[in-house]
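Take a look at the letters that make up each chain.
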Amino acid sequence: MFCTMGPVIELIAGSYEQIAFGYRVSTGEVEWTATADFTHHAHTASVSAVATSERYIATGSRDETIQIYDMKKRVEHGALLHHDGTISCLEFYGSSHLLSGGQDGLLCVWSTRNWECLKSIRAHKGQVTSLSVHPSGKLALTVGTDKTLRTWNLIDGRSAFIKNIKQNAVIVKWSPEGDKYVVVIGDKVDVYDLETATLTSTIINPKRISSIKFLTNSILAIAGDDETVRLCDINTQKVLCEFEAHETRVKSVDSFTVDDFCVLVTASNDGFIKMWKLNLESLEPPVLLGKVNTTARLTCLAVWKPTTLQEPPPEVKTEPTTSHDVKDVLELEKKRKKRVRISTVEVVQEEDASPKKKKDGGKKKLKT
């Protein structure tokens, strides 16, 4: 049974050992603890991506599958089997959709209502290395090993903008307000302004970057192939704060807010997941709230922090189409596209791509 007192927070991590871990966070005045809630060995290869929504957790793997966990019912909800090759990135949009990118170059849009693949887009000629959904839900950015950055109109599933970036980017991410986006290439973060579609600044990290997280619309947490996490201002390119988080390289970062402070969560190859208390006003060195040793080689991390557990999350309904609804966002990309409902089931092929397998609807209990 879930505890109804205080916020429900769970740390979800994937590992090279094919296992997904869930740790329930107990908050205290001085020290926080993370207690093992479940371990699940659903994959047959290393876990490469993890994402969370109000109700579900999704994990992707090198075994070509996406496993869905229903955290309300505490069961494995099934496997999504559309991709060929490693699942490289996953992201939920609200409670209604999951987006996935893979080694096969596909960008897939899934409905969380029935787990149908609504769109399957041939996004890149190589692997899709990262994706990010605009806060409006109408655009998505992808980067791939074909050295391009692509903007997708999720309403009709077509490419809205293509930018050659000359190098293979590993991460792309919208800012929380959706007016900027960042692209990570090696040890640098390029910051782009959406309105002008121009590069506005570049942040250089001492080591290759493995993970980033927007803490505010201008403060970016950056982690990479060293023990240090740096908080940078994307407008001034200044390092506002840096601290040694782990004994070895930091593999992944995420964050959540509690009361009036931010909690930064870090995961490392040393097996530890740590929670750090940050004051984003003073930006003093963070305080370690708690840590847990998974004893595994961690690959990815996400925070599950639902707003309610008593009732299922409401279905997000697609609102009637209006001619102005998507115009403001898409005009910034200098492209005009016709809008149709995202809920239409279709497969969009920029190049040759054939729909494959469908979801296995079997349900299994999580191991606790």
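Residues numbered from 1 in each chain as written. Predicted model: local features only at pLDDT ≥ 70, side-chain atom pairs only at ≥ 80, totals over all residues. Heavy atoms only, no water.

**Describing the environment of V191**
What counts, and what does not: Runs of H or I in DSSP of at least four residues are treated as helices and runs of E of at least two as strands, each being numbered from the N terminus. Whether a residue is buried, partly exposed or exposed follows from its accessible area with a 1.4 Å probe, protein chains only, as a fraction of its type maximum: under 20%, in between, or over 50%, in that order. In this analysis, two residues are considered to be in contact whenever any of their non-hydrogen atoms come within 4.5 Å of each other.
As for its placement among the helices and strands, V191 is situated in strand β18 (residues 188-193). Overall, the relative accessible area of 1% leaves V191 in the buried class. As a C-alpha pair, V191 and Q237 span 46 residues in sequence and 9.6 Å in three-dimensional space. Leave out the neighbours within four places in its chain, and V191 touches K180, Y181, V182, T198, L199, T200, S201 and I234.

**Observations regarding the nonpolar core**
Defined as follows: The set of buried Ala, Val, Leu, Ile, Met, Phe, Trp, Tyr and Cys residues whose side-chain atoms join them within 4.5 Å is what this entry labels a nonpolar core.
In this structure, L11, W32, F256, V263, V265, I273 and M275 are the most contacted members of the largest nonpolar core, which totals 22 residues. Of all the elements, strand β25 (residues 261-268) adds the most residues to this core, at four residues.

**Considerations on the sheet that holds strand β8 (residues 87-93)**
The criterion, for reference: By the convention used here, strands pair only if DSSP detects at least 2 bridges between them. All axes here are fitted lines through C-alpha atoms, helices being fitted over the stretch that makes contact, and every angle between N-to-C directions spans 0 to 180 degrees.
Taken together, four strands build an open sheet; the order of strands is β8-β9-β10-β11 and the sheet is antiparallel. Looking along the sheet, the strands with just one partner apiece sit at the ends: β8 and β11 (117-122). Strand after strand, the sheet turns through a mean of 15 degrees between neighbouring axes, direction not considered.

**What about the UniProt feature "repeat: WD" (unreviewed entry) in the protein chain?**
Applicable threshold: UniProt positions are given in the numbering used here, feature names are shortened, and annotations may be inferred rather than shown by experiment.
As annotated in UniProt, the feature "repeat: WD" (unreviewed entry) corresponds to residues 40-72, 80-120 and 121-162 in the numbering used here. Taken as a whole, residues 40-72 contains 0% helix and 55% strand, while its terminal C-alpha atoms sit 16 Å from one another.

**Comments concerning the pairing of β18**
Within β18, five of the six residues are buried, which leaves the element mostly enclosed by the surrounding structure. The sheet contact formed by strand β17 (residues 180-185) and β18 spans six bridges and is antiparallel. The residue bridging I185 from the neighbouring strand is K188, located in β18. In this antiparallel pair of consecutive strands, β17 and β18, the connection spans two residues, and G186 shows a positive phi of 65 degrees. As paired strands, β18 and strand β19 (residues 198-204) are joined by six bridges and run antiparallel to one another. Considered in β19, the bridge of D193 is made with T198.

**Description of the side chain of S255**
By the element assignment, S255 lies in strand β24 (residues 250-258). Excluding residues that lie within four positions of it along the chain, S255 makes contacts with K213, F214, L215, C262, V263, L264, V265 and V303.

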